[in-house]
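# Chain and residue survey
Spelled out from the first residue to the last, the chains are:
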Amino acid sequence: MDSLVSTEWLAAHLRDADVRIVDSSWHMPATGRGGRDEFLAAHIPGAVFLDIDEVADKSNPAPHAMPSAADFGAAMAAFGVDREDRIIVYDNSPLRTAARGWFMLSHFGAPRVAILDGGLQKWLAEGRPTQSGGPDVRRARFDAAEPGAAVITKGQILAGIDAPLLDARGKGRFEGTEPEPRAGIASGHIPGARNLPFGSLYREDGRFKSVDELRRLFAEAGIDAERPFGASCGSGVTATSLLFAAHLIGNDHTMLYDGSWTEWGADPATPKALGPA
């Protein structure tokens, strides 16, 4: 199954027995929007909601930190998502958070996970059906695997990773000319990191740009899109768009710094850089 599916494809396969649709919409708290509330108001028929703030390691002070394999597998089974399903992830967020859902599901061993290109934004623009209320949950089993290599920590970065680091935040936040949205977080970026704002990967209608365009954007950021790299952002969400774009190019040797700038910028002991890369 392709990793990126069209709204036309999903409309044609909406009722297939092995297709499971996951809404992983998430919004910054200051926006006043709630992914769960919006899901209950209108979602693609048959979808379930993955709340990345709830399916998380609550013992970690960083927001929506990756959960354990056991906790993730239990959550997916409770949602009625089987690991062997054809899982289609979408969002209705300007942060393009379907990529975070794709990363979590793929990281914990689901072999057939795709993103709905354009998400709910495109689905609604085409006048396709929605439903409201909670999901219809079925019985499922999700035996999550814990690969371990795809998520890196602050300690590993401080010790030195054998790969460049790419930051998905906007240019102003990366260079330190715009304040961070979270209180108590310093400005700037991890020394040596490059910058590729996640929004540049998408067309206006929410679809991903072509592979050739994505490859060009990585090159302009000073990153070889076919070689290993680590990705960070504000809190480990938009960085996954960089990882998915690399996946489309054919590179799965990438890593997520899950704590990202929220963790790094809150630590007075970590080195910080200002200005362009």
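Scroll up to find the structure.
Residues numbered from 1 in each chain as written. Predicted model: local features only at pLDDT ≥ 70, side-chain atom pairs only at ≥ 80, totals over all residues. Heavy atoms only, no water.

### Remarks on the nonpolar core
Threshold: For the purposes of this section, nonpolar cores are sets of buried Ala, Val, Leu, Ile, Met, Phe, Trp, Tyr and Cys residues that join through side-chain atoms within 4.5 Å. Note on classification: 1.4 Å probe, protein chains only; a residue is buried when its accessible area is under 20% of the maximum for its type, exposed when over 50%, partly exposed between these limits. Here a helix means four or more residues in a row that DSSP labels H or I, a strand means two or more in a row labelled E, and each is numbered from the N terminus. Throughout, a residue-residue contact means that at least one pair of heavy atoms, one from each residue, lies within 4.5 Å.
By size, the foremost hydrophobic cluster in this structure holds 52 residues, and its most contacted members are Leu 105, Leu 201, Phe 218 and Phe 229. If you list the elements that add at least two residues to this core, you get α3 (69-79), β4 (86-90), α4 (98-107), β5 (113-116), α8 (211-220), β9 (229-232) and α9 (239-249). Here this core takes 7 residues from α9, the largest share from any one element. The residues contacting Leu 105, other than those within four sequence positions of it, are Phe 72, Met 76, Ile 87, Val 89, Ala 110, Val 113 and Phe 142. The next biggest cluster of nonpolar side chains, apart from the first, holds 15 residues, and it includes Leu 10, Ala 47, Phe 49 and Tyr 90.

### Section: the sheet that holds β5
Short version of the rule: Paired strands, in this sense, are two strands between which DSSP finds at least two bridges.
Spatially, 5 strands are ordered β1-β5-β4-β2-β3 in an open sheet, and the strand pairing comes out parallel. Lying at the two open borders of the sheet, with one neighbouring strand each, are β1 (4-5) and β3 (48-49). Taken together, the 3 bridges between β4 and β5 define a ladder with parallel strand orientation. Of the residues in β5, the one forming a bridge with Val 89 is Ile 115.

### Structural notes on α4
For α4, the buried fraction is high: 9 of the 10 residues fall into the buried class. Ala 98, Ala 99, Arg 100, Gly 101, Trp 102, Phe 103, Met 104, Leu 105 and His 107 are the residues of α4 that are buried. Contact partners of the buried residues in α4: α3, β4, β5, β6 (151-152), α9 and β10 (254-257). Note on α4: the residue one or two positions beyond its end, Gly 109, has a positive phi of about 105°.

### Considerations on the packing of α8 against α9
Here is the rule: Axis definition: a line fit to C-alpha positions, over the contact stretch in the case of helices; interaxial angles, taken between N-to-C directions, run 0 to 180 degrees. Between 65 and 115 degrees an angle is taken as roughly perpendicular, under 35 as roughly parallel, over 145 as roughly antiparallel, and anywhere else as oblique. By definition, turning the near helix anticlockwise from the far helix through less than a right angle yields a left-handed crossing, and turning it clockwise yields a right-handed one. Amino acids outside the nonpolar list (Ala, Val, Leu, Ile, Met, Phe, Trp, Tyr, Cys, Pro) and the charged list (Asp, Glu, Lys, Arg) are all regarded as polar, and Gly is one of them.
Close contact between α8 and α9 brings their axes to 9 Å; oriented N to C, the two are set at 125°. It follows from the interaxial angle that α8 and α9 lie oblique. The element α8 and its partner α9 pack so that their crossing is left-handed. Here Val 211, Leu 214, Arg 215 and Phe 218 of α8 lie close against α9, whose contacting residues are Leu 242, Ala 245, Ala 246, Leu 248 and Ile 249. Residue composition of the contact of α8 with α9, by class: 8 nonpolar, no polar and 1 charged.

### A short note on unusual backbone geometry
A positive phi is found at Arg 96, a non-glycine position, where the angle reads about 55°. Take Arg 96: it is sitting in the loop between β4 and α4. On the basis of relative accessible area, Arg 96 is assigned to the buried category, the value being 15%. Here the phi dihedral of Ser 260 falls at roughly 50°; this positive angle occurs in a residue that is not glycine.

### Notes on the packing of aromatic side chains
Inclusion rule: Only Phe, Tyr and Trp rings take part, Trp by its six-membered ring, and two of them pair if their centres are within 6.5 Å. Stacked means planes under 30 degrees apart, edge-to-face means over 60, and tilted covers everything else. The rule for a charge over a ring is simple: NZ of Lys or CZ of Arg within 6 Å of the ring centre, and within 35 degrees of the ring normal.
Throughout the structure, instances matching the rule amount to 8 aromatic pairs. A centroid spacing of 5.6 Å and a plane angle of 80° characterise the contact between Phe 72 and Phe 142, whose relative ring orientation is edge-to-face. In this pair, Phe 72 sits in helix α3 while Phe 142 sits in the loop between α5 (119-125) and β6, placing the two residues 70 residues apart along the sequence. Of the two residues, Phe 72 and Phe 142, both sit in the buried class. Plain terms: the ring middles of Tyr 202 and Phe 208 are 4.4 Å apart, the flat faces sit at 40° to each other, and that makes the pair tilted. Exposure class is identical for Tyr 202 and Phe 208. Each is buried. By way of ring pairs, the aromatic residues Trp 102, Tyr 202, Phe 208 and Phe 244 are connected into one cluster. The ring of Trp 123 carries the charged tip of Arg 128 above its face, separated from the ring centre by 5.7 Å.

### A word on the sheet that holds strand β7 (residues 165-167)
Pairing within the open sheet is parallel, and its 5 strands lie in the order β6-β10-β9-β7-β8. Among the strands making up the open sheet, the edge pair consists of β6 and β8 (194-195). Taken together, the 3 bridges between β9 and β10 define a ladder with parallel strand orientation. Looking across to β10, one finds that Ala 231 is bridged to Leu 256.

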